[in-house]
Amino acid sequence: MVSCRAWNPRVLVAVVCGLLTGIILGLGIWRIVFRIRTGTSAPSPSIPTEFCRNGGTWENGRCICTEEWKGLRCTMANFCENSTYMDFTFARIPVGRYGPSLETCDKSTPNAGNPRAVRLCSLSLYGDIELQNVTIGNCSATLKALEKEVGYAEAPLNSIASEAQILTSNADRLTAENIISATQVVGQIFNTSRNASTEAKKVAVVTVSQLLDASEDAFQSAVSTANDDSLTTLIEQMENYSMSLGNQSVVEPNIAIQSANFSAENMPSNVRFSVQKGASGSLVSGSTFMQTNVNGLNPDENTELQILLNMKEGGNAKACGFVVYQNDKLFQSKTFIAKSSFSQKVMSSKTDGNEQGQSASVEMAFSPKYNRDEFQLNSYACVYWNFATKDWDTYGCHKEKGADRFLHCHCNHTTNFAVLMTFKKDYQYPKSLDVLSNVGCALSITGLALTIIFQVVTRKVRKTSVTWVLVSLCISMLIFNLLFVFGIENSNKNLKTSGDIENMDFNDNVIPQTDTVNTPNPTCTAIAALLHYFLLVTFTWNALSAAQLYFLLIRTMKPLPRHFILFISLIGWGVPAVVVAITVGVVYSQNEKNPQWELEYRQEEICWLAIPESKDVIRSPLLWSFIVPVAIILISNVVIFIIISIKVLWKNSQNLTSTKKVSSTKKTVSTLSVAVVFGITWILAYLMLINDDSIRIVFSYIFCLFNTTQGLQIFILYTVRTKIFQSEASKVLTSLSSVGRMKSLPSVTRPRLRVKMYNFLRSLPTLREHFKLLEPSVSTEEITLSESDQAKESA
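Keep in mind it's a predicted model, so treat the numbers as computed, not measured. Throughout, a residue's number is its position along its own chain's written sequence, starting from 1. Reporting of local features is limited, given that this is a predicted model, to residues whose pLDDT is at least 70; pairs of side-chain atoms are given and counted only at 80 or more, and all residues count toward the totals for whole chains, interfaces and linings. Side-chain metrics in this entry use all non-hydrogen atoms of the structure; hydrogen atoms and water are not considered.

Draft legend 1. A look at the overall build of the protein. Segments assigned H or I by DSSP are reported as helices when at least four residues long, segments assigned E as strands when at least two residues long, and all are numbered from the N terminus. Looking only at helices and strands, one finds 18 helices and 25 strands in the protein. By the burial criterion, 49% of the 795 residues in the protein qualify as buried. Between two residues, a contact is recorded if the distance between any of their heavy atoms is within 4.5 Å. Considering only residue pairs separated by 6 or more positions, the protein has 71% of its internal contacts joining residues 24 or more positions apart. For the protein, the accessible area works out to roughly 39200 Å², and carbon and sulfur atoms hold 57% of it. Note on exposure labels: buried denotes an accessible area under 20% of the residue type's maximum, exposed denotes more than 50%, and partly exposed covers the range between, all computed with a 1.4 Å probe on protein chains only. Residue burial considers only the protein chains on display, and all accessible areas are found by Shrake-Rupley using a 1.4 Å probe.

Draft legend 2. Focus on the layout of surface pockets. By volume, the second largest pocket is sized at about 1300 Å³. In this structure, the second largest pocket is lined by 46 residues; those nearest its centre are Val95, Gly96, Ser122, Val251 and Ser285. Looking at the lining of the second largest pocket, the elements with two or more residues in it are strand E2 (62–64), strand E3 (69–70), strand E10 (117–123), strand E11 (129–136), helix H3 (157–167), helix H5 (198–211) and strand E12 (249–252). With five residues, the single largest contributor to the lining of the second largest pocket is H5. Taken together, the residues of the lining of the second largest pocket sort by class into 20 nonpolar, 20 polar and six charged. Lining residues are those with an atom within 4 Å of a point, where the points come from a 1 Å grid over the protein atoms alone and group into cavities, where a 1.4 Å probe fits but cannot get out, or pockets, open sets with protein on both sides within 12 Å along at least five of seven lines. Grid points are joined across faces, edges and corners, and a volume is the space filled by probe spheres set on the points. Asp, Glu, Lys and Arg are counted as charged, while Ala, Val, Leu, Ile, Met, Phe, Trp, Tyr, Cys and Pro are counted as nonpolar; the rest, among them Gly, fall into the polar class.

Draft legend 3. Quick look at the pairing of strand E23 (residues 407–411). The buried fraction of E23 amounts to five of the five residues, a majority that puts the element mostly inside the structure. Where burial is concerned, the two faces of E23 agree: the one with Leu407, Cys409 and Cys411 and the one with His408 and His410 are both buried. Any two strands with at least two DSSP-identified bridges between them are counted as paired. Across five bridges, the pairing between strand E19 (residues 360–366) and E23 is antiparallel. From the neighbouring strand, glutamate 363 faces E23, where its bridge partner is histidine 410.

Draft legend 4. Representation of the side chain of glutamate 163. Position of glutamate 163 relative to the elements: it lies in helix H3. Counting rule applied: Lys, Arg positive; Asp, Glu negative; His and chain ends not counted. Salt-bridge detection follows one rule: a side-chain nitrogen of Lys or Arg within 4 Å of a carboxyl oxygen of Asp or Glu. Summary of buried charges: glutamate 163 has no salt-bridge partner, and the nearest side chain of opposite charge, arginine 116, is 11 Å away. Two N or O atoms count as a polar contact when they lie within 3.5 Å, although within protein this holds only if one can serve as hydrogen donor and the other as acceptor, and sequence-adjacent residues are included solely when both atoms are side-chain atoms. At a separation of 3.1 Å, a polar atom in the side chain of glutamate 163 contacts the main-chain amide nitrogen of asparagine 138. For glutamate 163, the contacting residues outside a window of four places in its chain are Ile136, Gly137, Asn138, Ala141 and Leu146.

Draft legend 5. The arrangement of the sheet that holds E10 in detail. Read across the open sheet, the three strands follow the order E9-E10-E11; overall the sheet is antiparallel. The strands lining the two open edges of the sheet, one partner per strand, are strand E9 (98–100) and E11. Strand-to-strand twist in this sheet, taken as the mean axis angle between neighbours without regard to direction, amounts to 25 degrees. Here an angle of 0 to 180 degrees is reported between the N-to-C directions of two axes, which are lines fitted to C-alpha atoms, with helices fitted over the stretch in contact. Sitting on the sheet, H3 is in contact with E9, E10 and E11, with an inclination near 110 degrees to E11.

Draft legend 6. Highlighting the state of the cysteines. Cysteine sulfurs are considered disulfide-paired once they come within 2.5 Å of each other. Summed over the entire model, instances satisfying the criterion amount to seven disulfides. Through a disulfide, cysteine 105 is tied to cysteine 139; the S-S separation comes to 2.1 Å. Here the S-S torsion is close to -85 degrees, and the disulfide linking cysteine 105 with cysteine 139 is therefore left-handed. Within this pair, whereas cysteine 105 is found in the loop between E9 and E10, its partner cysteine 139 is found in the loop between E11 and helix H2 (143–149), the two being separated by 34 residues in sequence. Across the pair, exposure class does not vary: cysteine 105 and cysteine 139 are buried alike. A disulfide bridge connects cysteine 397 with cysteine 411, and the sulfur atoms are separated by 2.0 Å. Where cysteine 397 bonds to cysteine 411 through sulfur, the torsion about that S-S bond is close to 115 degrees, and the disulfide is right-handed. Note that cysteine 397 is positioned in strand E22 (residues 397–400) and cysteine 411 in strand E23, a separation of 14 residues in sequence.

Draft legend 7. Structural detail: the packing of helix H9 (residues 468–487) against helix H16 (residues 710–720). Packing of H9 against H16 brings their axes to within 10 Å, and their N-to-C directions diverge by 155 degrees. As the angle between them shows, H9 and H16 are arranged roughly antiparallel. Relative to H16, the crossing made by H9 is left-handed. Between H9, through Leu470, Leu473, Cys474 and Met477, and H16, the contact on the second element is made entirely by Gln710, Gly711, Ile714 and Tyr718. Looking at the contact of H9 with H16, its residues break down into six nonpolar, two polar and no charged. Working definition: roughly parallel below 35 degrees, roughly antiparallel above 145 degrees, roughly perpendicular at 65 to 115 degrees, and oblique for all remaining angles. Handedness of a helix crossing follows the sense of rotation of the near helix relative to the far helix, less than a right angle counterclockwise being left-handed and clockwise being right-handed.

Draft legend 8. Representation of the environment of asparagine 492. Along the chain, asparagine 492 falls in the loop between H9 and strand E25 (516–517). Asparagine 492 sits 27 residues away from threonine 519 along the chain, and the two C-alpha atoms are 7.3 Å apart. Within the structure, asparagine 492 has its side chain in polar contact with the side chain of glutamate 604 (distance 3.0 Å).

Draft legend 9. Main features of the packing of H5 against helix H7 (residues 229–241). Axis separation between H5 and H7 bottoms out at 13 Å; the angle between their running directions is 135 degrees. Between H5 and H7, the angle is such that the two are oblique. Regarding H5 and H7, the two cross each other, and that crossing is left-handed. The segment H5 lies against H7, with Lys201, Lys202, Val205 and Val208 engaging Leu234, Met238 and Tyr241.

Draft legend 10. Broad picture of the sheet that holds E23. Taken in spatial order, the six strands of this open sheet run E15-E14-E16-E19-E23-E22, and their pairing is antiparallel. Both edges of this open sheet fall to strand E15 (288–292) and E22, since each of them pairs with a single strand only. Geometrically, the sheet is characterised by an average inter-axis angle of 15 degrees between neighbouring strands, direction not taken into account.

Draft legend 11. Spotlight on the pattern of salt bridges. In the structure shown here, the tally under the stated rule is nine salt bridges. Here lysine 144 ties to glutamate 147 by a salt bridge, and the two come within 3.7 Å at their closest N and O atoms. In this pair, lysine 144 and glutamate 147 both sit in helix H2, three residues apart, roughly one turn of the helix. Taking the relative accessible area as the measure of exposure, lysine 144 reaches 42% and is therefore partly exposed. Connected through shared salt-bridge partners, Glu67, Arg97 and Asp213 make up one network.

Structure below.
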């Protein structure tokens, strides 16, 4: 019964502490991954989040609605309700879209998984939303089979166009092979030599629009696995088709085509084609219009882009055509890589004159569309698609400065044009360290420096060598604190960019490599790597402290391994260096062609490891090179801490001569001493991930208090409490008191103050010598705990 009473409380404490630690660490890691996946950025308080309804987002002063809604607040329906036709069921279909049937082809058919039918939701002449007839597909047909069939001279082009449109209606299922086959099919339908019907060509336009909904990765894979001749041919065929519609237009969600015909006698001096902004990101019927004989470009606040075709005097053109692509997926560039989600619209302008390149010139005005809350417009380039090189080119094009907030371009020829924009992210650089962090780090730096000096200077007086583990821990923490205070802030925060179009360089029309640019800062990258290294070194020495103390206190009858100091030194200083080197090397090798590769390793806001995007959590350097190893170290340290606390620090002993009060105080201080060198307080970092702001702020302050002053804690627990320091401090106070004897304090007060200060320092509990880490010889200081707590020192 006696042993049960003595053991049960300790077991209970161990179990509770272990469970709490495991739960906190587990929930902490889960919260890190969850917050990265879901995004941690809170909406700006200036954005009326409740103003836009039904999934609409507030961008640049207005609501951007989904395709199913429209209106000022996205409250007006823009869809056809669920419907049935014969044996087919259709879900809600946005206006202007073909909706696939919920019934799909059987698994045994070549077209397994694709919809069996499609149905169009459109607007009537009076503006009413109505459903069109159902188009039923053939489950035995595939895009590859249609590609072969369309090559025959007598191929039924109308049927092939309808089948291709059905097979591309589900953009999520489109693969690189599907894209190549589909572009081959519609390219043949647009070919003037095939004499396809007007209806077949209109259906082919729908197919092209649906292809532009496919993923960017699918298009890139299509170009890499096969040549891009089919894409180039399709673009050329679309140009020719744009001049064959008379004065009509064809508008689909991702593509708009407009034609204009005129005679040689009344050929206009210019033709202006405009595209208006819509409630959503899709093109809609009525959003495009064309004017002739105008006085130049005249964009207003509702204009998204505008192109002015200046006809050459005396030219022989009888028709012109315009094509607007909602994105640039058909134009797979080798020199320009788009990383942002901002679509790069492409506009085509062409005349049927014999000298196509010299028959007209064009002027363009583009309204840059991007999130102004997060990005700033950096620059842009006026380019055209060069069919010879199959890439963007700037020949004959230059930028022009306009009085409005549009991007203006001028080219002396006609073809497919685009404005390649580059953006700078408007990073929210944090404010400088607050007072609490500065004071805590300053105290830690001072305490760590004094602890290192004390351990070295008093080596002979203490008749023992330098405590290598403690000194190594203090050195790594000291360097980390210095780097944190003086280097954590990115110097780029002092660089101000306006993002105004008026301040751009209009003489520089160079094709950028990517659409997002950042100011390189190798110094910040180096500091991030050093912070990464020294913080890992600190945690590694925390782990080595725990391992060594376990050997000394738990396995007291077994000597430490040979060359233990050399072995742990290689681990403490070498392993973190290997981890950091491998991390930087892997990140660089994966992004060596990216001039901004360093932002894959570090953040821009501060010089620390980058927080990954939701899709790259598993591959993030922060997870594998910091979070995982630190979590493993903390868990192992907590386990060792619990074992030492139960079996040594709080174990009942009959040899204790002090009172229960003093004994409990010493045990508490000893427990704190071990907890500090084990880095146990870092567990509080996981509590800072709680969603509740008020609770998170409380834990943030607690974490800041405990961890910024960790160096001060080590100084108090491992330096101030030693008899040597107290003796030397007493001598210093005595000498200072003697020097100040002739000063303002009365003679009676001076000894009293000195005695009080001396008694205060002497009243602090003496540090138990066996808690000095890695002492190679037995200390001469008194050990006040029981014999079972004594540890053999390493030689």
